[in-house]
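Spelled out from the first residue to the last, the chains are:
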Amino acid sequence: MASTANLTMDQGTTFTFNVILETTTGTPWNLTDWSVRGQMRKSYSSSSATASFTATHDSKGGKITISL
């Protein structure tokens, strides 16, 4: 099931957010051979990114960490 999160961050601070991906049975999603990335844009339709997140993941545990 898809979900949405509104993220709030204070200017000038370090921001970190964790996402846990699970299958419908609650098993962590296997992210082996996957890569992750993220960008922040002024609006959905903006053609250029304001910033790019640092993104890492735990291959077998389904955990994605984004930082800015």
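Rules used throughout
- Residues numbered from 1 in each chain as written.
- Predicted model: local features only at pLDDT ≥ 70, side-chain atom pairs only at ≥ 80, totals over all residues.
- Heavy atoms only, no water.
- Phe/Tyr/Trp six-rings, centres within 6.5 Å; stacked < 30°, edge-to-face > 60°.
- Helix = DSSP H or I, 4+ residues; strand = E, 2+ residues; numbered from the N terminus.
- Buried < 20%, exposed > 50% of the residue type's maximum accessible area, 1.4 Å probe, protein only.
- 1 Å grid on protein atoms, 1.4 Å probe; cavity = no way out; pocket = protein on both sides within 12 Å on 5 of 7 lines; lining within 4 Å.
- Points joined across faces, edges and corners; volume = space filled by probe spheres on them.
- Nonpolar A, V, L, I, M, F, W, Y, C, P; charged D, E, K, R; others polar.
- Core = buried A, V, L, I, M, F, W, Y, C linked by side-chain atoms within 4.5 Å.
- Contact = heavy atoms within 4.5 Å.
- Polar contact = N/O pair within 3.5 Å; in protein donor to acceptor, adjacent residues only side chain to side chain.

Q: Explain the packing of aromatic side chains to me, using residue names and the numbers behind them.
A: The tally for this structure, following the rule as stated, stands at 1 aromatic pair. Relative to Phe53, the ring of Phe15 has its centre 6.4 Å away and its plane inclined at 55 degrees; by these criteria the two rings are tilted. Of the two residues, Phe15 is situated in the segment before strand 1 (16-20) and Phe53 in strand 3 (residues 51-58); the sequence distance between them amounts to 38 residues. The burial state of Phe15 is the same as that of Phe53; both residues are buried.

Q: Tell me about the layout of surface pockets, residues and numbers included.
A: Its volume calculated, the largest pocket comes out at about 640 Å³. Forming the boundary of the largest pocket are 22 residues, of which Ser3, Ala5, Phe17, Val19 and Leu21 lie nearest the centre. Breaking the lining of the largest pocket down by element, the ones donating at least two residues are strand 1, strand 2 (38-40) and strand 4 (63-67). For the lining of the largest pocket, the class distribution of residues is 14 nonpolar, 6 polar and 2 charged.

Q: Outline the nonpolar core, supporting the account with residue identities and numerical values.
A: The biggest cluster of nonpolar side chains holds 5 residues, and these are Phe15, Leu31, Phe53, Ile64 and Ile66. Each residue touching Ile64, except ones within four places of it in the same chain, is listed here: Phe17, Asn18, Val19, Leu21, Leu31, Val36, Thr56 and His57.

Q: An account of the side chain of Thr65 is needed here, citing residue identities and associated values.
A: Relative to the helices and strands, Thr65 is located in strand 4. Separated by 2.7 Å, the side chains of Thr65 and Asn18 make a polar contact. When residues no more than four places from it in sequence are discounted, the contact partners of Thr65 are Thr16, Phe17, Asn18, Thr54, Ala55 and Thr56.

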